[in-house]
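Residue-level listing of the chains:
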Amino acid sequence: MRPHQGAADFAANPVPPGAVPDLVICERAAHTYGTGITAVVAVHDVTCRVLPSTRVAITGPSGSGKSTLLHLMAGLETTTAGALWWPGLGGYPLAHPGRIGIVFQGPSLLPALDALENVAFPLQMAATGDHDAKELAWDAMRRLGITDLAGKLPQELSGGQAQRVAVARVIAADPALILADEPTGQLDHHAGGLVIDVLLQAADELSAGLVISTHDPLIAHRLPQQWTMNDGRLLDPTLTPTGMTTARSAGRS
Ligand code: ADP
Ligand code: MG
C-alpha cells in the first residue's frame, strides 16, 4: 500500500486480479467518544493492516483503546477521523463489512440452550435450515475437538469450555476475520492457553485473519505477532505482517 492511499483512492484502484486483498486497512484511524470537555480520544492515529495470514495479539493496559480498535475493525464503531475499510470483506469504500466473527470476554452463551444449540443459533437466525445449522454447528465443534460438550448447558461448562464453545459458534459461520476481545480475560492461564490454541486452530482451518486483544503478555506471546497500544496509539505499527512502513513511522525513523 502506498502511504496516504485513502478509501476513495482505493476504490479507484481496486485489488489486482489474483492478489489477496487486505481484510482491514486502518489509515490514521481515530475514534473519539463524546464531544466537548467530556470527549475521550480512545483511538488516535492508528495505521495498520490485517491480512488473512495475520495472527496478532494487541496488548496494552486497561483503557489504552484495544476494545475500541477492535470495534472499529468489526464495524461496530465508526472512525471519527482517518479511515478504515475492508477490501477483502466487501466493505469498501463505505459499505459495511461481512464475514467477521467476534468473541467477547464474558459469558455470551444463551443459558437455556445447550452448547450445540448455542453454536447453531446464529445460523438458524440467518435462515439456515434447522438441520443444516445443527450439522454446521456439530462440524465446528468437531473441528475444535469439543463435541463432548455438545449436550451441556452453559451452567455445566467451565469458563474455558464456554469460551471454546463461543469460538465454535464464531467459526460455524465461516468468518474471514476473527476478532477476539480479551477472550481469556476471565480465565486462568491454562484455560486461557487452550482458548488461544483453539482460536489459532480456527484461523488456520478457515484461512481467516485473527486479532486478539489481551492485557496479559503471556497470552500475547502465544501468538506469532504482537502489537502494543498505549493511550489510544498503536505503537510500532511497522510490525504489520508485511512490514509495511507507515507514513508516521517513516517520519520518525
Ligand atoms: P481497553 O479495551 O484497552 O481497556 P477501551 O477501548 O475500552 O480500552 O477504552 C479506551 C478509552 O475510551 C478509555 O479511556 C475508556 O474509558 C474510553 N471509553 C471506552 N468506551 C467508551 C464509551 N462507550 N464512552 C465513553 N468513553 C469510552
Ligand atoms: Mg477492552
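The paragraphs below set out a description of the structure included in this document. (Residues numbered from 1 in each chain as written. Chains lettered and ligands numbered in written order. Predicted model: local features only at pLDDT ≥ 70, side-chain atom pairs only at ≥ 80, totals over all residues.)

Overview of the sheet that holds strand 2 (residues 40–50)
Then, in step 1: Strand order in the open sheet formed by 3 strands is 2-1-4, with antiparallel pairing between adjacent strands. In this open sheet, the two strands that pair with only one neighbour each are strand 2 and strand 4 (81–85). Here the strands of the sheet are splayed against their neighbours by 25 degrees on average, with no regard to which way each runs.
Then, in step 2: Pairing of strand 1 (residues 24–33) with strand 4, which is carried by 4 bridges, proceeds in the antiparallel orientation. Each residue of the ladder has a partner; that of E27, found in strand 4, is A83.
Then, in step 3: Contacting strand 1, strand 2 and strand 4, helix 2 (residues 66–74) crosses the sheet at an angle of about 55 degrees to strand 2. (Pairing = 2+ DSSP bridges. Helix = DSSP H or I, 4+ residues; strand = E, 2+ residues; numbered from the N terminus. Axes fitted to C-alpha atoms, helices over the stretch in contact; angles between N-to-C directions. Contact = placed C-beta atoms within 7 Å.)

Details of helix 2
Because an α-helix packs 3.6 residues into every turn, residues spaced three or four apart end up facing the same way.
Then, in step 1: With 7 of 9 residues buried, helix 2 lies mostly within the body of the structure.
Then, in step 2: Turning to helix 2, its buried residues number three or more, namely K66, S67, T68, L69, L70, L72 and M73.
Then, in step 3: Phi turns positive, to about 80 degrees, at G75, one or two residues after helix 2. (Buried ≥ 20, exposed ≤ 12 C-beta atoms within 10 Å, placed from the backbone.)

Side note on the packing of helix 3 (residues 115–125) against helix 5 (residues 159–172)
Then, in step 1: Packing of helix 3 against helix 5 leaves a shortest axis separation of 9 Å and a crossing angle of 30 degrees. Overall, the two elements helix 3 and helix 5 adopt an arrangement that is roughly parallel. Of the two elements, helix 3 crosses helix 5, and the hand of that crossing is right-handed. Facing helix 3, whose interface residues are A115, N118, V119, P122 and L123, helix 5 presents V165, A168, R169 and A172.
Then, in step 2: Classifying every residue of the contact of helix 3 with helix 5 gives 7 nonpolar, 1 polar and 1 charged. (Parallel < 35°, antiparallel > 145°, perpendicular 65-115°, else oblique. Left-handed = near helix turned anticlockwise from the far one by under 90°. Nonpolar A, V, L, I, M, F, W, Y, C, P; charged D, E, K, R; others polar.)

Section: the site of ligand 1
Then, in step 1: Every residue lining ligand 1 is accounted for by Y33, G34, V40, A42, G60, S62, G63, S64, G65, K66, S67 and T68.
Then, in step 2: Elements with a minimum of two residues in the shell around ligand 1: strand 2 and helix 2.
Then, in step 3: Sort the elements by how many residues they give to the shell around ligand 1 and helix 2 lands first, with 3 residues.
Then, in step 4: When grouped by side-chain class, the residues that make up the shell around ligand 1 number 3 nonpolar, 8 polar and 1 charged. (Near = placed C-beta within 6 Å.)

Considerations on the nonpolar core
Then, in step 1: V119, V165, V167, A168, I178 and L199 are the most contacted members of the largest nonpolar core, which has 69 residues in total.
Then, in step 2: With 8 residues, the single largest contributor to this core is helix 5. (Core = buried A, V, L, I, M, F, W, Y, C linked by C-beta atoms within 7 Å.)

Some details on the sheet that holds strand 9 (residues 233–235)
Then, in step 1: Taken together, the 6 strands give an open sheet; going across it, the order is 5-6-7-3-8-9, and neighbouring strands pair in mixed fashion. Because the sheet does not close on itself, it has two edges, and the strands there are strand 5 (100–103) and strand 9. Across the sheet, the mean angle separating the axes of adjacent strands is 20 degrees when strand polarity is ignored.
Then, in step 2: Pairing of strand 3 (residues 55–59) with strand 8 (residues 225–230) involves 4 bridges; the strand directions are parallel.

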